[in-house]
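Read off the chains here:
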Amino acid sequence: MAAMAAAMAAALRGPGRRFRWRTQALAGGVRGAARGVAAGQQNYDLLVIGGGSGGLACAKEAAQLGRKVAVVDYVEPSPQGTKWGLGGTCVNVGCIPKKLMHQAALLGGMIQDAHHYGWEVAQPIRHDWRKMAEAVQNHVKSLNWGHRVQLQDRKVKYFNIKASFINEHTVCGIAKSGKETLLSADHIVIATGGRPRYPTHIEGALEYGITSDDIFWLKESPGKTLYGPQSVIFLSIYWLYLKLRVCSISMLVVGASYVALECAGFLTGIGLDTTVMMRSIPLRGFDQQMSSLVMEHMESHGTQFLKGCIPTCIKRLPDGQLQVTWEDRTSGKKDTGIFDTVLWAIGRIPETRNLNLKEVGVNINPENQKIIVDAQDVTSVPHIYAIGDVAEGRPELTPTAIMAGKLLAQRLFGQSSDLMDYNNVPTTVFTPLEYGCVGLSEEEAVARHGQEHIEVYHAYYKPLEFTVAERDASQCYIKLVCLKEPPQLVLGLHFLGPNAGEVTQGFALGIKCGASYAQVMRTVGIHPTCSEEVVKLRISKRSGLDPTVTGC
């Protein structure tokens, strides 16, 4: 059996041991050969391809239900050579390190506030990137290990191999050492997620730029520090000085996605000279009034924006800095700046290209390479499923992937019929002033129901924490998007302010249960908190009244 399995795996290699699929060698009853006695590979009830949040949740749930489960995961190093362990994007290069570095930036702001509250803090305040990065990376590594232990405890077999389909029930995986492994299963779940997109049409983009796959694993600071975090006056003067000369910004973030603004936000917050180059609008897909306020707050706190601009070329200078050339889309004029680091945050590409999906009949969207699934997460092949970011039409959020994975396992092995509900999923953008939302944006509500059927209640507010420290609260804003017809069902909540994630999570349950505007107004607020301001929204946009709220 072992000899025959080795011969089958050898047939998958071309000359010079370059890995390539030779499906013609497997024709004529591939499944029977792969799953039969002769093949000798390992067989499972469930095989999960992808060791991220959704895949791990699905695998562990199936194992809890008594099934034989395997997880296949392999991280291809980024173009800059960054690699990481088990856990997927969220754990390694997404939510977890992002939130921790966001917290580092918030602490810098709190230190600035501290003397207003009686704390004597030595000046100037400096941030140590190496110390922060080491702490964050050590925590991430502990999570990697924790996932390995959890799989072992649940008797889920883990394979650190790069897998691709050879038929509908079988994959072949290759380890870093070159060793091949054949695995087959009754059910296969694809949960491979995505990776950052590089603008390969731009000269120097791949060679000299980094992405969110790299920023959290840098050992050294990616840019110059400007005399302590949130030194707005200095930053403004420095920016004016640069505009009068050659524009020389230390850290350039290209893109206006939530990844772009979150990274730019914490980079500015820890004291790095940061600018964002954006082609069009910020936070596409989010409520645009809220998105504009997010950007305004970032601008007022030191992040610079090059609006309506696109990069055209990157060159490395003899001193190691990067010379970036860009074009203003409105005027057509070109400009040049010098940067220490360029971070691309222009979207993500699903990890489907190397799975050999076409050969086994799994349909993908040719425009975005995502896998087409139905409401039960089933692909065009009945026993192959896709969940998380790799699936077409799904929100690219860790919690949705986790829940979808658990529910899929329960449907397959737990005699459940529950489907994942993708309506009213809450989320938060962890920019310096956090933006939390659940439900429809104002634009979506108007498009779906018509302007005449929508009522929007809104207010500016000032967090109590901002008063003593004399912080600017001009972008702290809340709005409820409701149907105009009684009982005025809440279609969406949008909250911009401190701890937005905590606030949004609480109201998400009510909106999920069909809360009306009247019910929200009858909810007793917790005083004195920012979330209390939500239940005080009395002004409609239609009224034309000033939406400024002064708390007690």
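It should be emphasised that the depicted structure is a prediction, and the values quoted were computed from it without experimental measurement.

Cut-offs used in this document
Going along each chain's sequence as written, the residues are numbered from 1 onward. Local features are withheld for residues below a pLDDT of 70 in this predicted model, meaning they are given only at 70 or higher, and side-chain atom pairs are given and counted only at 80 or more; totals for whole chains, interfaces and linings count all residues. By convention in this description, side-chain values take in all heavy atoms of the structure and omit both hydrogens and water. We count a stretch as a helix when DSSP gives it H or I for four or more residues in a row; a strand needs E for two or more, and each element gets its number in order from the N terminus. Exposure categories follow from relative accessible area, calculated using a 1.4 Å probe and restricted to protein chains: below 20% of the type maximum is buried, above 50% is exposed, and the middle band is partly exposed. Contacts were defined at the residue level, with two residues in contact if any of their heavy atoms lie within 4.5 Å. In these tables, accessible area is a Shrake-Rupley quantity obtained with a 1.4 Å probe, and a residue counts as shielded only by the protein chains included in the view. Strands are labelled as partners when DSSP assigns at least two bridges between them. Geometry is summarised by axes, namely lines fitted to C-alpha atoms with helices restricted to the contacting stretch, and by angles between N-to-C directions that run from 0 to 180 degrees. UniProt positions are given in the numbering used here, feature names are shortened, and annotations may be inferred rather than shown by experiment. If you view the pair so one helix is near and one far, a crossing is left-handed when the near helix is turned anticlockwise from the far one by less than a right angle, and right-handed when it is turned clockwise. Only Asp, Glu, Lys and Arg are considered charged in this grouping, and only Ala, Val, Leu, Ile, Met, Phe, Trp, Tyr, Cys and Pro are considered nonpolar; every other residue, Gly among them, is considered polar. Expected span of a helix, by definition, is 1.5 Å for each gap between consecutive residues, and there is one gap fewer than residues. Pairing of aromatic rings covers Phe, Tyr and Trp, the last through its six-membered ring, and needs centres within 6.5 Å; plane angles under 30 degrees mean stacked, over 60 mean edge-to-face, and all others mean tilted. Two conditions define a charge sitting above a ring: the NZ of Lys or the CZ of Arg must be within 6 Å of the ring centre, and it must be within 35 degrees of the ring normal.

(A) Spotlight on the overall build of the chain. Secondary structure summary: the chain contains 17 helices and 22 strands in total. Per-residue burial over the chain gives 52% buried out of 552 residues. Here the contacts in the chain between residues at least 6 apart in sequence split such that 65% fall between residues at least 24 apart. Only carbon and sulfur atoms are counted for the fraction: they give 54% of the accessible area of the chain, which is about 25600 Å².

(B) The sheet that holds strand E19 (residues 435-439), seen in detail. In space, the 5 strands of this open sheet follow the order E18-E19-E22-E21-E20, with antiparallel pairing throughout. Taken across any chain shown, the strands that pair with only one partner, and hence form the sheet edges, are strand E18 (427-429) and strand E20 (454-460). Across this sheet, the average inter-strand angle for adjacent strands is 15°, counted without regard to direction.

(C) Up close: the UniProt feature "binding site: FAD" (unreviewed entry) in the chain. Those places that UniProt annotates as "binding site: FAD" (unreviewed entry) correspond, in this numbering, to Lys-99 and Asp-389. On the secondary structure map, Lys-99 appears in helix H5 (residues 95-114). Assessed through its relative accessible area of 31%, Lys-99 is described here as partly exposed. Turning to its location among the elements, Asp-389 is positioned in the loop between strand E17 (384-386) and helix H13 (398-413). Sequence-distant contacts of Asp-389, defined by excluding residues within four places in its chain, comprise Gly-193, Lys-370, Pro-395, Glu-396 and Leu-397.

(D) Highlighting the packing of H5 against helix H10 (residues 258-269). One way to put it is that H5 packs onto H10 with a least axis distance of 8 Å and a crossing angle of 35°. H10 is crossed by H5, and the crossing has left-handed handedness. Residues Lys-98, Met-101, His-102 and Ala-105 of H5 pack against Glu-262, Phe-266 and Gly-269 of H10. Split by residue class, the contact of H5 with H10 holds 3 nonpolar, 2 polar and 2 charged.

(E) The arrangement of unusual backbone geometry in detail. The step from Gln-123 to Pro-124 runs through a cis peptide bond, and the omega angle for that step is -5°. For Pro-124, the position within the fold is in the loop between H5 and helix H6 (129-153). A cis amide bond links His-527 to the next residue, Pro-528, at an omega of -5°. As for its position among the elements, Pro-528 is in the segment after helix H17 (517-521). One non-glycine residue, Asn-356, lies in positive phi territory at about 65°. Inspection of the secondary structure puts Asn-356 in the loop between strand E16 (348-350) and helix H12 (357-360). What makes Asn-356 buried here is its relative accessible area of 16%. Its identity as a non-glycine residue notwithstanding, Glu-470 has a phi of 55°, on the positive side. With respect to the helices, strands and loops of the structure, Glu-470 is situated in the loop between helix H15 (464-468) and strand E21 (477-483).

(F) Spotlight on H5. With 20 residues, H5 extends 28 Å between its outermost C-alpha atoms, agreeing within 8% with the 28 Å of an ideal straight helix rising 1.5 Å per residue. Elements in contact with the buried residues of H5: helix H4 (88-93), H6 and H10.

(G) Broad picture of the sheet that holds strand E10 (residues 274-278). Judged by pairing direction, the sheet is parallel, and its 4 strands sit side by side in the order E11-E10-E9-E15 without closing on themselves. What marks the edges here is a single partner per strand, and that holds for strand E11 (304-307) and strand E15 (341-344). Adjacent strand axes in the sheet meet at a mean angle of 20°, parallel and antiparallel pairs treated alike. As judged from the 4 bridges shared by strand E9 (residues 251-254) and E15, these two strands associate in the parallel manner. Across the sheet, the residue bridging to Met-251 is Thr-341, located in E15. Contacting E9, E10, E11 and E15, H10 runs over the sheet at an angle of about 165° to E10. The sheet contacts of helix H11 (residues 288-300) involve E10 and E11, and relative to E11 the element is tilted by about 130°.

(H) Just the packing of aromatic side chains, in detail. Applying the stated rule across the entire model yields 7 aromatic pairs. An angle of 10° between the planes, with centres 3.8 Å apart, marks the rings of Tyr-457 and Tyr-517 as stacked. Remark: Tyr-517 occurs in helix H17 and Tyr-457 occurs in strand E20; sequence separation between them is 60 residues. For Tyr-457, a relative accessible area of 9% translates into the label buried. Between Tyr-461 and Phe-495, the aromatic rings sit 5.7 Å apart at their centres with planes inclined by 35°, giving tilted as the arrangement. Pair noted here: Tyr-461 is in the loop between E20 and H15 and Phe-495 is in strand E22 (residues 490-496), with a separation of 34 residues, a long-range link. Across the pair, Phe-495 and Tyr-461 agree in class, each one buried. Positioned over the ring face of Tyr-44 is Lys-68, at 5.0 Å from the centre of the ring. One Lys or Arg, Lys-157, reaches over the ring of Phe-159 and ends 5.6 Å from the middle of that ring.

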